There are 4 protein chains.
Amino acid sequence: MIKAGVYRIPMNGPGDFSGLIGLVENGTIDPHGVIAVLAKTEGNGCVNDFSRGYGTLALKVVLSELRSQTLEEVEEDVVFIMSGGTEGVLSPHATVFTRTDSDEVANSSDKSLSVSSGHTRAFRPEEIGTVPMVQEVAKTVSRLMEEAGIKDSSDVHFVQIKCPLLTSERIRDAETRGEHVVTENTYKSMGFSRGASALGVAVALGEVKEDAISQEVIAKDWSLYSSVASTSAGVELTNCEIMVLGNSTEAESDYLIGHGTMEDSIDLAGFLEALRNSGLDFKELPSEDQKQRVVNVYAKAEADPSGYVRNRRTTMLTDDDINHTRHARAVVGAVVASVVGDPLVYVSGGAEHQGPSGGGPVAAIVRR
Amino acid sequence: MIKAGVYRIPMNGPGDFSGLIGLVENGTIDPHGVIAVLAKTEGNGCVNDFSRGYGTLALKVVLSELRSQTLEEVEEDVVFIMSGGTEGVLSPHATVFTRTDSDEVANSSDKSLSVSSGHTRAFRPEEIGTVPMVQEVAKTVSRLMEEAGIKDSSDVHFVQIKCPLLTSERIRDAETRGEHVVTENTYKSMGFSRGASALGVAVALGEVKEDAISQEVIAKDWSLYSSVASTSAGVELTNCEIMVLGNSTEAESDYLIGHGTMEDSIDLAGFLEALRNSGLDFKELPSEDQKQRVVNVYAKAEADPSGYVRNRRTTMLTDDDINHTRHARAVVGAVVASVVGDPLVYVSGGAEHQGPSGGGPVAAIVRR
Amino acid sequence: MIKAGVYRIPMNGPGDFSGLIGLVENGTIDPHGVIAVLAKTEGNGCVNDFSRGYGTLALKVVLSELRSQTLEEVEEDVVFIMSGGTEGVLSPHATVFTRTDSDEVANSSDKSLSVSSGHTRAFRPEEIGTVPMVQEVAKTVSRLMEEAGIKDSSDVHFVQIKCPLLTSERIRDAETRGEHVVTENTYKSMGFSRGASALGVAVALGEVKEDAISQEVIAKDWSLYSSVASTSAGVELTNCEIMVLGNSTEAESDYLIGHGTMEDSIDLAGFLEALRNSGLDFKELPSEDQKQRVVNVYAKAEADPSGYVRNRRTTMLTDDDINHTRHARAVVGAVVASVVGDPLVYVSGGAEHQGPSGGGPVAAIVRR
Amino acid sequence: MIKAGVYRIPMNGPGDFSGLIGLVENGTIDPHGVIAVLAKTEGNGCVNDFSRGYGTLALKVVLSELRSQTLEEVEEDVVFIMSGGTEGVLSPHATVFTRTDSDEVANSSDKSLSVSSGHTRAFRPEEIGTVPMVQEVAKTVSRLMEEAGIKDSSDVHFVQIKCPLLTSERIRDAETRGEHVVTENTYKSMGFSRGASALGVAVALGEVKEDAISQEVIAKDWSLYSSVASTSAGVELTNCEIMVLGNSTEAESDYLIGHGTMEDSIDLAGFLEALRNSGLDFKELPSEDQKQRVVNVYAKAEADPSGYVRNRRTTMLTDDDINHTRHARAVVGAVVASVVGDPLVYVSGGAEHQGPSGGGPVAAIVRR
């Protein structure tokens, strides 16, 4: 039997994990049970967002002490996914996922939240954003589904991936070896990497057929997408770190997860439907009591590539002072926070091949 | 009898008023009836936002041709309020207000939307953000209420003011003359000017007693505020341009205006209440049909001075890459747009003395 | 005989041409002699830089009054080149170029500064950044050389071009007509347009052979470039406006122009050589007296596409808060201003096919 | 006898100290001799610059392994000064300072570079930017002069201080305890802290009399300043970390240090004089050979509070997209790099009470 724990912890800065330390000290969390941490750190979410690397290092140091492991051992055992960008009301925080496996058999045939995590092999610069990346991600997601005790693809509600990006150094490295990278624009490489990772999820879950994948469709053909993938690029890693969340009869916990789709960044109805799919039963808006049962929301945001939302011209894509992913996160974050009444939610930018163009997937974990 | 017209016109850039020209050419708008234009232009909404001045000049040139007046005559007759900043989904647009006065008496005793506009005398740099500015604004608002046929303060639902700010040149000018300005920080001067203007509204409407006003409370004591003031600072003027919107029995039109208060930037309930106050009768969320009746929404947004929203730390005030008013506009714009299903709404930043601290007033004009 | 005048005028904002008005009022400038204005306005120099359009409109209104012409007539007669971005110490200003033609024959066989200006036909969105644009620019530059009385290409020292860019609307327009644009990224389109325009200059002056031009080399093969082109993209026009500056025996004035090449953005030696080429005779650094003789400096700046300067990693290209052209202008502006002792110099960003990769051309007009 | 070592190490990111590891592995640096590291990291240099905290943590982890110490022991023994902001050509790097003390007596009576480092006690939020902070810094600087074997204040050429700033949390903390902070604006608190620290240096070196210090002059009276202080604020510490550099007869090394003053950000002559004061003998510009002898340059930069440089209006202070310290660093960095031919130089922003208003101190370490 799998027992999954979910703990949402506010952060006072990218290096602040005092909340986690407190929960370990008061016995709420067993540090050895931590398998993944999904954090929203307060950088710009773009290439030069160092809050992600900082958060990762700080958390490794903290877990190294709490678990009496070396930094390398912690790195091997725990998946760290730091997503930068807390524009608007979004509030920096981490969700700590724990998992305990036992030989007990689950009491009920009801499904509960289950979680698994792992990583792909490291990618060379020239592989980032390419078909081999899609394939490697698909393989790893399939393995992680199995490890989470999830048989049916429809029980997978959120697959979070942290993927690498190209830097000037990595491009140089590839070119020195005579290899070709998918783009020489470091910022743009984030989109390719997020896109290929999301397509990997789509292939694993049968949302997109493997033979529909070619270099030409990656970061191009937006009709191909996964409805549960959430991918986020960072300079601090060279492989993909992956976490799979879904419901399983092999798991037993107080939590359920569900998801929905926001067709665009202000799709209030789409988000409300995601809450209903997660087990909240309401007509128009959730009650105060139901809002309290929401553990966290995980949404993807992107500026519509057309520049238009509901046929109105927005300035996200033509604003050269603020990156468009920052605009998009601010919007989706505000919509989600205004409904659940809490800015401590997770919204990640850049939704290439994650939900429909201009929109994105949104999942919620809800206490029964 | 007063007949007020309201026309919402998308803009393709700060200098684009082709939409207005089209409505004049097809006979919808009589250019001589235009008394005020309230636009959302796509600059950063801060000191160096030139989209406001550009929009103002372009509109003057357009109206000069449409009305066969010189630029100076247009300037004298029409109030131009350009508010910069279309962060997130906000879409650049103008609301054109027209007014025709006739000797007819209104058919019904029901109130309808009425509008009036005018301006204060020019302020010297050393007056910006001070008590004399509060007094001058109060005097002008009282006059404009009368001109709009509004007897009762509670029938005033929106007072939009465009006010001046301090520039390096203006500070220099005052100092050369041995005068003292309220702050030497150009950006900060916008807050003082917006605050003093809003307190002028509060005094005129009896929301704040005149003897409660002193230099010490301006941009300091946030317990003093107006619930219907919306003030916006711009580099391109030295006086205040003011527009008063309310309901009056002396007016006859298809429109009604109402307002509410958002207690913070994600106060969904507060915004829904404003829609109800404007004449839409719904329980939880407006219907598709009711959304269609919304002509425009006018909201103020500000970052909570505490840095916290619903007791969660936000990063608006500590972000030195994006000004906090930009974060705040993105949030309120997203909440409003997600409810009415339209990004073409007006959200203006910097709500000093406009509604409660961290929140702001929100008004809606609704078709009967 | 051609008589060229050059007037450098500080601006207090993008719409401020009071300096020009003053010079007309005191008889220094005959407004009918103005053929081109080259201004440095204080926007971000990127897609959403509205200071350029604002400056252009404001200047048209001013010249319309000074010359008793309609706005359309002014537009036809005068070339307006507004280049956005005054990062670092750069100070907003305009250089006003005047020209009077007479039947007199020049007194001396010495060359003097000559100037001519004009524009290409309007380009359709799908032509921006393409071979037809290169050809049209080349044709117009050749005509303007002739009009400036310049026979030898080596006497051309600065060709300033203002060129159009793609906006979301223009891309939509082309796509509606089934046409293909060179890029769907509005920011990137500025580089294509600047690049094609610069190659047009290179072809006209024989720096690049016409048959070396194909779509494949535009904004790609940086070995092809002009050493005197300075091109700048703006949202406010659809054709190219061009000004040619050089020395001619048919001209008579107090001014000489010369140019040099900065191999990278901190190439102090390259800039000093440009000053020497313009007629200042010094060994290591110009004297105070010589600095006074500098009328203005016109330089191009760009971030080295490699990300490296003198083999050191810079962060210009990986900074997603500040566009790399802004970094580059700040650097070249500081180097130039530190030598001439004046921040009122012209540095324009984005040097595609303008001088060597990572560097750019720099010209100086010097009083004899 | 004191033996000081100076090593300049390029960084590939805020967490990259592979260059240091390499120098330790090849025997060049003894990790136990490291007493201070002064780094230029690539954040925005403002409140939300996490590259500083990241760099500090990463370096502690590296030194902890190299020295076989705990993180706490490293923190106690080594001074870490991370200054954010590599605008323009500035290239991220660290200068590692080592020191070995022996009983030997220096061979020669010539002075050589000496170095010492240490820290003040922690400051409570309400002390930041106040007179007690000035006094505590002065006391510590005096002690460090002694430890560096420097008798005469005129032999001190650079005092680098890393000082704390106020965050929303710290302000809350003080207010909870009924204490008053110097400003509630987190960004502004950086200036107060840098200013008080610099005045501490000025008091210690006799540049400003102790009785001239009162709360009223801090960050106000710019006529009081130190010509050798360089202070930099960061969110990651609560005390001041201080490093003193000067020349001493008790030290023996290949290096000499000297300093000069840049009267404004483009004061080329001021910087050249600093190079001469450091031991380079040249007339107008240093030779290629002399440039090679420059180990590093340490300069302070600030936007002139007047907004004007050489009587020309700059836009640094009115730019709400880019903080003015970022503009200033880009300018001074470009001037310095263009002379020494190397972007790997140290320029730190915000020069309150450090050199004359709008300018700043600049020091150079030169190989004999």
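Before reading further, recall that the structure is shown in the block above.
Think of each chain on its own: its residues are numbered from 1, step by step along the sequence as written. The order in which chains are written sets their letters, starting at A; the order in which ligands are written sets their numbers, starting at 1. Reporting in this predicted model follows two pLDDT cut-offs: at least 70 for local features of residues, and 80 or more for side-chain atom pairs to be given and counted; totals over whole chains, interfaces and linings ignore these cut-offs and use all residues. Hydrogens and waters are ignored; side-chain quantities use all the structure's heavy atoms.

Participant: Explanation requested: the packing of helix α9 (residues 324-340) of chain C against helix α9 (residues 324-340) of chain D in the structure shown.
Facilitator: Two measures define how a pair of helices packs: the angle their axes make with one another and the distance between the axes. All axes are obtained by fitting lines to C-alpha atoms, using only the stretch in contact for helices, and the reported angles, taken between N-to-C directions, cover 0 to 180 degrees. To qualify as a helix, a DSSP run of H or I must reach at least 4 residues; to qualify as a strand, a run of E must reach at least 2; elements of each kind are numbered from the N terminus. Contact geometry for α9(C) and α9(D): axes closest at 8 Å, N-to-C directions at 60°. Handedness of the α9(C)/α9(D) crossing: right-handed. Note on element contacts: α9(D) touches α9(C) through A330(D), V331(D), A334(D), V335(D) and S338(D), opposite A330(C), V331(C), A334(C), V335(C) and S338(C). Gly falls in the polar group here, along with every residue not listed as nonpolar (Ala, Val, Leu, Ile, Met, Phe, Trp, Tyr, Cys, Pro) or charged (Asp, Glu, Lys, Arg). When the residues that make up the contact of α9(C) with α9(D) are grouped by side-chain class, the tally is 8 nonpolar, 2 polar and no charged. In this scheme the handedness of a crossing depends on how the near helix is turned from the far one: anticlockwise by less than a right angle means left-handed, clockwise means right-handed. Contacts are assigned to residue pairs that have any heavy atoms within 4.5 Å of one another.

Participant: Explain the packing of aromatic side chains to me, please; I cannot follow it from the model alone.
Facilitator: The relative placement of two aromatic rings is captured by the distance of their centres and the angle of their planes. To pair, rings of Phe, Tyr and Trp, with the six-membered ring standing in for Trp, must have centres within 6.5 Å; the planes then decide the type, stacked if under 30 degrees apart, edge-to-face if over 60, and tilted in the middle. Considering all chains together, one arrives at 10 aromatic pairs over all chains under this definition. For the ring pair F158(C) and Y298(C), a centre distance of 5.2 Å and an interplane angle of 40° mean the geometry is tilted. Here F158(C), found in strand β6 (residues 156-163), pairs with Y298(C), found in strand β10 (residues 294-301); they are 140 residues apart in sequence, far enough to count as distant. With respect to burial, F158(C) and Y298(C) carry one shared label: buried. One aromatic cluster is present, built from ring pairs that chain together F158(A), Y298(A) and Y346(A). The residue whose ring lies beneath K40(A) is Y346(A), and the NZ or CZ to ring-centre distance is 5.7 Å. For R172(B), the ring lying beneath its charged end belongs to Y308(D), and the centroid distance is 3.6 Å. Only protein chains enter the area calculation, which uses a 1.4 Å probe; residues under 20% of their type maximum are buried, those over 50% are exposed, and those in between are partly exposed. Either the NZ atom of lysine or the CZ atom of arginine qualifies as a charge over a ring when it sits within 6 Å of the ring centre and within 35 degrees of the ring normal.

Participant: Can you walk me through the environment of V89(B) in this structure?
Facilitator: With respect to the helices and strands, V89(B) occurs in the loop between β3 (79-84) and β4 (93-101). V89(B) sits in the buried class, given a relative accessible area of 1%. Distance from V89(B) to I150(B), taken between C-alpha atoms, is 35 Å for residues 61 residues apart in sequence. Excluding anything up to four places from it in sequence, V89(B) contacts S265(A), I266(A), V309(A), T314(A), M316(A), V331(A), G333(B), A334(B), A337(B) and P343(B).

Participant: What should I look at first to understand the relation of the copies chain B and chain A in this one?
Facilitator: Aligned on chain A, chain B shows an RMSD of 0.0 Å; the corresponding rotation is 180° and the shift along the axis is 0.0 Å. With respect to symmetry, the two chain copies, as superposed, fit the operation of a two-fold axis. Ranked by how close their C-alpha atoms come to the rotation axis, the residues of chain B are headed by V335(B), at 2.7 Å. Most of the interface of chain B is mirrored in chain A, where 100% of its interface residues again form contacts. Least-squares superposition of the copies uses the C-alpha atoms of those residues scoring a pLDDT of at least 70 in each of them.

Participant: Just checking my understanding: could you explain the pairing of strand β5 (residues 112-119) of chain B for this structure?
Facilitator: Along any regular strand, the residues point their side chains to alternate faces of the sheet. Residues and elements named next belong to chain B. Within β5, 7 of the 8 residues are buried, leaving the element largely enclosed by the surrounding structure. Alignment of β5 against strand β8 (residues 241-248), held across 8 bridges, turns out to be antiparallel. Each residue of the ladder has a partner; that of V115, found in β8, is L245. Two strands qualify as a pair provided that DSSP identifies no fewer than 2 bridges between them.

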